[in-house]
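Tertiary structure, described
The lines below spell out each chain.
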Amino acid sequence: KPLPRTIKLHINVRPSDVKIVGLSSNLVAGKAQKLKCVSVGSRPGASLTWWLDDQLLGQPSELYSEDTAVTSSSLAIILTPEDNMKRLSCRAENKFISGSSIKASLELNIKFKPRVRLQWGAKIDGDNIVERQDVYLECLSSANPPVSRIQWLHDGYRVEPSTVVISGHSLVIQ
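Here is a short report on the structure shown in this document. (Residues numbered from 1 in each chain as written. Predicted model: local features only at pLDDT ≥ 70, side-chain atom pairs only at ≥ 80, totals over all residues. Heavy atoms only, no water.)

1. A word on unusual backbone geometry
The bulk of non-glycine residues show a negative phi, and the bulk of peptide bonds are trans. For the record, the criterion: In this description a helix means any DSSP run of H or I spanning at least four residues, a strand means any run of E spanning at least two, and both kinds are numbered starting from the N terminus. Each residue gets one of three labels from its accessible area relative to the maximum for its type: buried under 20%, exposed over 50%, partly exposed in between, using a 1.4 Å probe on protein chains only.
Following R43, the chain continues into P44 via a peptide bond in cis, with omega recorded as -5°. Structurally, P44 can be placed in the loop between β3 (32-40) and β4 (47-52). Along the chain, N144 connects to P145 via a cis peptide bond; the corresponding omega equals 5°. Topologically, P145 is positioned in the loop between β11 (135-144) and β12 (153-154). We note that A69 has phi near 55°; this positive angle belongs to a residue other than glycine. Tracing the sequence through the fold places A69 in the loop between β6 (62-65) and β7 (70-78). Owing to a relative accessible area of 4%, A69 belongs among the buried residues under this scheme. Here the phi dihedral of D155 falls at roughly 50°; this positive angle occurs in a residue that is not glycine.

Here it is in structure tokens:
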């Protein structure tokens, strides 16, 4: 008579889906953001990594539920204006199956207040300005949403176009 035997079989399965959840629709530079990456289907649990463009952000600790084959990872991040328009990605991979990596990614739209820089116009040497010389200044700004208006001030007072020429982001003193 045959003897009954119990065999426990472990099958490696690649992840079938990965998602980034918890991302605010109103991202603001300098404000902490907590994100979660959730992968489904991998057995054993997927290895999750976070990326900003092609830069590895890290591999925070993962939680895995064997019953549901769900792996999750949380990431706390403070985004900067330089991160605007970069791609944030979470990659899920079963380390026992080569080529099993899948990723979820999204483009970041980060709001940030204007950053302004004043520079001399083309062909102006700020160290060698002489009397009666036209002087060109440029106001360079970066913001999201973009700057809609530039206002020129001198000693705290608004510069009026009657004494200078103002064109877009340029100021000409004649």
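Here the narrative resumes, following the displayed structure.
2. What about the layout of surface pockets?
Definition in use: Residues are said to line a cavity or pocket when one of their atoms sits within 4 Å of a point; the points come from a 1 Å grid over protein atoms alone, cavities being sets where a 1.4 Å probe fits but cannot get out and pockets being open sets with protein on both sides within 12 Å along at least five of seven lines. Grid points are joined across faces, edges and corners, and a volume is the space filled by probe spheres set on the points. As a working rule, the residues Ala, Val, Leu, Ile, Met, Phe, Trp, Tyr, Cys and Pro are called nonpolar, Asp, Glu, Lys and Arg charged, and the rest polar, with Gly in that last group.
Looking at the largest pocket, its volume works out to about 180 Å³. Every residue lining the largest pocket is listed: K8, L9, H10, I11, N12, R43, P44, Y64 and E66. Taken together, the residues of the lining of the largest pocket break down into four nonpolar, two polar and three charged.

3. Overview of the nonpolar core
Selection criterion: Residues enter a nonpolar core if they are buried and are Ala, Val, Leu, Ile, Met, Phe, Trp, Tyr or Cys, with the set joined through side-chain atoms within 4.5 Å. Residue contacts follow a heavy-atom distance rule, with two residues in contact if any of their heavy atoms lie within 4.5 Å.
W50, L88, C90 and L108 are the most contacted members of the largest nonpolar core, which has 18 residues in total. Non-local contacts of L108, meaning those with residues more than four positions away in its chain, are made with L23, L27, L52, L79, D83, N84, M85, K86 and L88. L137, W152, V159 and L171 belong to the second largest nonpolar core, which has six residues in total.

4. Some points on the sheet that holds strand β1 (residues 17-21)
Two pairing modes exist for strands in a sheet, parallel and antiparallel, and in both the strands are linked by backbone hydrogen bonds. Stated precisely, the cut-off is as follows: At least two bridges found by DSSP between two strands are what make those strands a pair. Lines fitted to C-alpha atoms define the axes, with helix axes restricted to the stretch in contact, and inter-axis angles between N-to-C directions lie between 0 and 180 degrees.
The antiparallel open sheet is built from four strands, whose spatial order is β1-β3-β7-β6. Each edge of the open sheet is held by one strand with a lone partner, namely β1 and β6. Between one strand axis and the next, the sheet turns through 20° on average, direction left out of account. Of the pairings in the sheet, the one linking β1 to β3 comprises five bridges and is antiparallel in character. From the neighbouring strand, I20 faces β3, where its bridge partner is C37.

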